[in-house]
Each structure stands twice: as structure tokens, then as C-alpha cells.
Amino acid sequence: MKQRKRLLILLVGLLMAVFVACRQAEPPTDTGEETQPTQALEPVTEPITEPSGDTQYPTGGTQFCPVHDYDYHGWEDEWVAYAGGEEELLKWMEQKTQQWEEAKKAGAESDCYYEGQNIKAFIDYFQIPRELFEKTCNERWNSIHNIDLLYSDDLEAVEAYYRDMEKRDETRQKKSIFGFAKNAVIDNRIDIDQIRATGTEEEIRKSFPEQISVFELVAEYDVSRAELEQYLKESAETWINPVTYDYQFDVVYNEDGSLKPYDNTKPVVELDAMFCGVENFFTD
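Residues numbered from 1 in each chain as written. Predicted model: local features only at pLDDT ≥ 70, side-chain atom pairs only at ≥ 80, totals over all residues. Heavy atoms only, no water.

Further remarks concern the overall build of the protein. Helix and strand counts for the protein come out as 16 helices and zero strands. Of all 284 residues assigned to the protein, the portion counted as buried reaches 44%. Here the analysis covers contacts within the protein between residues at least 6 apart in sequence; of these, 73% occur between residues at least 24 apart. Accessible area of the protein: about 15000 Å², with a carbon and sulfur share of 48%. (Helix = DSSP H or I, 4+ residues; strand = E, 2+ residues; numbered from the N terminus. Buried < 20%, exposed > 50% of the residue type's maximum accessible area, 1.4 Å probe, protein only. Contact = heavy atoms within 4.5 Å. Areas by Shrake-Rupley, 256 points an atom, 1.4 Å probe, with all protein chains shown as cover.)

Encoded structure:
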């Protein structure tokens, strides 16, 4: 819901300047596919309400933005709060829209519908601390960012990263498959509802897949390699186009099936990223 809410915030801002925003860029040529950014540009005649749990947001490169992953044009609540709240965010977005209009008058062109309104510009303008940004990414399974790039001066690399949607979608899907597998392990080992209602703080923490690393999962719930492989296979098969689950079991298990030692001071996403074969869930 957090991600959906931040996209809703962006939609509100765009509607503040709807007649300006509608002229930001020409829509892509009609190919018969629904690729027009209708959600962002259509006028709204009814009050905006919080979307239901069934709301399906488009991924980057479709309706929301024709060239970028949606994380490029979104921000989490914690970052907006640090920036001074939604009012300050909307002022900034309107300012960026006006700046882009002036740049277009001077001959600038772009294939992005929301030029200037991106996460890198947001971080720089509001001086979002890296510590806060990284902490939020650690806690959000739906946020995948390259933090090193975002806090660098390499604007071209940042732009390229958020345009490489094929790689980002694969990372996100692999991460989700693993998350569902972890949840299945926990659900088959304990009564989740009872633990979350009456358990200790530590027991409750271990009942959430995003708060327990693969190493701790294996140790806490006595998960064999064969079991984990099966859980991942079943999770992957639930997807329409599952990615190859080339997880790094040798990172977690010794040859005899015992658990390898690990650094439990590292965040969960970093330990899990090792198992999933990516440098880091929020840097790759």
C-alpha cells in the first residue's frame, strides 16, 4: 500500500497542473496496445480516494511512464515526511513542471512524460539523508534502487539504470518468488495468526518473511536444502512467466546440508541478496 500511496501522491501533483502536464510530451504512436499514460493525464472529476487492495498499478514503461520504471517517479512516505510533507512535495513537482515547459519552449525534447520529477532530483532538492533512504529500502520489499548511484553525481548512469526495466523486473520477480517461498516455510511451521496475536516481539519478528534472512529462516525452522528448493520451485510455478530460480544454495548450505556461518549484523535484504545471486536488492 505504501507504494500505491506514493504513486497516488504523484497523480495528485500532476493533476494540479493538468493542462501544463498534458503538453509535456506527445503520446506514443498508437499501436493498438494500451501504452498511453492515461492514468497520469486524464482529468479527474471525482474526489481522489485511497485505492483498494485490488488496484493494479502499471509497471514502468507502460501507462505510468513510457520509458522509466515507476520507482524513478515515486517516493515513500518516510521521505515525503522528511521533505516537509505532501504540500512541499506538490510545490516542488509544480515547479519542475514549469521548468520543463520553459525548457521545451527553448527547444528541449524528452521521451519521458514527467521530466525532472524523479527520485534523484527529489533526493538532491530535499537533501534526503542516505541513512534514511537506505533504512526505508531495507524495510520495503517493493523498493529497488541503486543507492550508490542515487547519491553520486553520475546522472547518466542513474537515467540508464531506471530505463533498464527488463533487468529490474527480473530482480523484482526473483525477489518476490523468494519472499513467497519464505512465507510458505513460516506458514507451514507455525500458526502465524496466533504468534502475531500472542507471541513475543522476537517471535512476531520471525513470522514476517521480510524480517528474517534466509540463514535465520533455515536455522529457526530447520529447513533442509531439498525443502527450500521445493518451496522455491512451487513459488516460481505460480507465476505466468517465472524466471529461472538460480538461487545460490551453496552460499547457505555446506556439503553435508548444515548451515554455513554468516554475518548476522548484515541487514536481511543484503543476506537474502547473496542467496538470490544479486549484489543487493536495493543496489542491483
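The rest of the description comes next.
Another point: the packing of aromatic side chains. Tallied over the entire structure, the rule returns 17 aromatic pairs. Arranged with centres 5.2 Å apart and planes meeting at 50°, the rings of Phe178 and Phe275 form a pair that is tilted. One end of the pair, Phe178, is in helix H10 (residues 165-189); the other, Phe275, is in helix H16 (residues 268-276), with 97 residues separating them in the sequence. Judged on exposure class, the residue Phe178 and its partner Phe275 are both buried. Taking the centre distance of 5.4 Å and the plane angle of 20° together, the rings of Tyr247 and Phe275 count as stacked. Of this pair, Tyr247 sits in the loop between helix H14 (225-237) and helix H15 (249-252) while Phe275 sits in helix H16, placing them 28 residues apart in sequence. Residues Tyr247 and Phe275 agree in their burial class; the two are buried. One aromatic cluster is present, formed by Trp75, Trp92, Phe122, Tyr125 and Phe126 through successive ring pairs. A cation sits over an aromatic face here: Arg196 above Phe208, 3.8 Å from the ring centre. (Phe/Tyr/Trp six-rings, centres within 6.5 Å; stacked < 30°, edge-to-face > 60°. Lys NZ or Arg CZ within 6 Å of the ring centre and 35° of its normal.)

This brings us to helix H9 (residues 155-163). Taken residue by residue, H9 has Val158, Tyr161 and Tyr162 as its buried positions. Viewed end-on, H9 has its buried residues packed into an arc of 90°, placing them on one side of the element. Where H9 is buried, its residues meet helix H6 (119-126), helix H8 (147-150) and H10. (Arc of directions from axis to C-beta.)

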